[in-house]
Structure formats: structure tokens, C-alpha cells
Amino acid sequence: LPTSFSLSTLARCLTCRSAKTPYEDNYALNILGKNFLSYYTTEYLLGQYPRLPLPILNAAVSSYVSSLSLLSVGKDSWGIDIDGTPSLQKILNEEPKEYSLGKLRFVPVDPRSERGVTKLTGAPGELSTHNAYSLAVRSIIGAHYLSTKDESTTKEFIYQHILSRKLDISTMFEFE
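Thresholds applied
- Residues numbered from 1 in each chain as written.
- Predicted model: local features only at pLDDT ≥ 70, side-chain atom pairs only at ≥ 80, totals over all residues.
- Heavy atoms only, no water.
- Helix = DSSP H or I, 4+ residues; strand = E, 2+ residues; numbered from the N terminus.
- Buried < 20%, exposed > 50% of the residue type's maximum accessible area, 1.4 Å probe, protein only.
- Contact = heavy atoms within 4.5 Å.
- Areas by Shrake-Rupley, 256 points an atom, 1.4 Å probe, with all protein chains shown as cover.
- Core = buried A, V, L, I, M, F, W, Y, C linked by side-chain atoms within 4.5 Å.
- Phe/Tyr/Trp six-rings, centres within 6.5 Å; stacked < 30°, edge-to-face > 60°.
- Lys NZ or Arg CZ within 6 Å of the ring centre and 35° of its normal.
- Axes fitted to C-alpha atoms, helices over the stretch in contact; angles between N-to-C directions.
- Parallel < 35°, antiparallel > 145°, perpendicular 65-115°, else oblique.
- Arc of directions from axis to C-beta.
- Salt bridge = Lys/Arg side-chain N within 4 Å of Asp/Glu carboxyl O.

It is worth spelling out the overall build of the protein at this point. In terms of helices and strands, the protein carries 7 helices and 0 strands. Listing every helix and strand of the protein by position from the N terminus yields α-α-α-α-α-α-α. A buried classification covers 34% of the 176 residues belonging to the protein. Contacts spanning at least 24 positions in sequence make up 68% of the contacts within the protein whose residues lie at least 6 apart. Entry remark: accessible area of the protein is about 11100 Å², with carbon and sulfur atoms responsible for 54%.

What is expected of a backbone is that most residues other than glycine have negative phi and most peptide bonds are trans. For K149, which is not glycine, the phi torsion reads 55° and is therefore positive. Its location among the elements puts K149 in the loop between α6 (129-148) and α7 (151-163).

If you look at the biggest cluster of nonpolar residues, it comprises 37 residues, and the most contacted ones within it are L104, I141, I158 and I162. For this core, the secondary-structure elements that each account for two or more residues are α2 (27-48), α3 (54-65), α4 (67-77), α6 and α7. Residue contributions to this core peak at 8 residues, all from α6. Among all residues touching I162, those that are not within four sequence positions of it are L37, Y64, L70, V73, V137 and I141.

The next subject is the packing of aromatic side chains. If you walk through the whole model with that rule in mind, you get 6 aromatic pairs. Pairing Y39 with Y40 gives two aromatic rings, centres 5.1 Å apart and planes at 75°, and the pair type is edge-to-face. Centroid distance Y44 to Y64: 6.5 Å. Interplanar angle 85°. Geometry classified as edge-to-face. Of this pair, Y44 sits in helix α2 while Y64 sits in helix α3, and the two are 20 residues apart along the sequence. Residue classification places Y44 among the partly exposed positions, given a relative accessible area of 25%. A residue is classified by how much of its surface remains accessible, and Y64, at 9% relative accessible area, is buried. The rings of F36, Y39, Y40 and Y145 are connected pair by pair, giving a single aromatic cluster. Sitting over the ring of Y27, R17 keeps its end group 4.0 Å from the ring centre.

Between α2 and α6, the shortest axis-to-axis distance is 7 Å and the interhelical angle comes to 85°. Classified by the interaxial angle, the pair formed by α2 and α6 is roughly perpendicular. On α6, the residues touching L29, N30, L32, G33, K34, F36 and L37 of α2 are L135, R138, S139, I141, G142, A143, Y145 and L146.

Burial in α7 covers these residues: T154, F157, I158, I162 and L163. Buried residues of α7 fall within an arc of 155° about the axis and therefore sit on the same side. Buried residues belonging to α7 abut α2, α3, α4 and α6.

Let's shift gears to the environment of V65. Relative to the elements of secondary structure, V65 occurs in helix α3. With 24 residues separating them along the chain, V65 and T41 place their C-alpha atoms 8.0 Å apart. Not counting the four nearest positions on each side in its chain, V65 is found in contact with L37, T41, L70 and R138.

Oppositely charged side chains can form a pair if their charged atoms are brought close together. Summed over the entire model, instances satisfying the criterion amount to 2 salt bridges. Of the charged contacts in the structure, one is a salt bridge between D25 and R17, with a shortest N-O distance of 3.4 Å. What makes D25 buried here is its relative accessible area of 17%. The shortest N-O distance in the salt bridge between E43 and K155 comes to 3.1 Å. Of this pair, E43 sits in helix α2 while K155 sits in helix α7, placing them 112 residues apart in sequence. Exposure remark for E43: the relative accessible area of 30% places this residue in the partly exposed category. Classification of K155 by relative accessible area gives partly exposed; the value is 25%.

Okay, structure coming up:
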């Protein structure tokens, strides 16, 4: 990240709206990052494969920017950790709130299930782990642009971290 990218901005990128903290969340940065990510991914693919059929193009863009792909970037490439310490334990340990600012904070989907009961939807605000990671990665991309005010460096950042991953377009074609 550039030197203009402040630690408070990074903490904001790692705070999902579901965490319900007194700090700013990553909602707006996520929207900005999502737009940059889909735009530059589409531009890259159309530049590489100008005659790509639209369904294949959409599948390729989705492969690069899906929640599972961004989970891999955030967790494996960037090393983002989840703040998994329960709030009660933090209070009992008298841990300052600032200690969790460098970790991904969100309310996870309740993994408990009862026999014979199928949970159709989560409670409002609950996120799966891969969705929380994808929010954080997209937020970091949006914040990267805001900290540099330069589209070309944000484009290069996306190329280095997202589009540098290998994707075999030929496997997406199905001929009958």
C-alpha cells in the first residue's frame, strides 16, 4: 500500500457494517472498490480477448471478482486475520478496543444447526467469512484510489493483486 494510505483507513476497510462498532465501517469504500474492480477487470479481459462472447466475459469477470476469489486474495495473499475474540472475553481481559482495529471485524453467520431444521436466511447483518473478506478487499481497493487520487496506480494495484492470477478462459467455452 502507498505511504499515503493511513492506518485508520486500513482499520476502516477491515470493519464491516455488521460489527456495529463506534468506528466508521467499510460500506462506502466497498462500493467504490467494487466499481473499480469490475471496470478494470472488464477492460483487461476485453483488451486481451476482444471477441469474447458476452456470457464468457461475464463468467470470466465473475471468476476474478467473486467472493471466493477475493477471500483467497485477502486471506492467503494479504494475510488478513479475523478478530475472533468474543466481546465478553475482551471486557474481562480489559483489552482496549483499539487492539482489534488491525483485524477483520464482522458478525459471522451462526454455524449452529439443529437436527431437521434448515436455516434459510441469516439474521440481518450476518456475513459469511468469504463475504466479509471480499468486502475488505474491495474496500482496500476503493481506499487505495482515495489515498492516491490516481486511477493509474489503482489500476496497477488491481493488476498486480487480482488480475495477475491465472484464469484459463478456454475452459469456459462449451460447444454443442
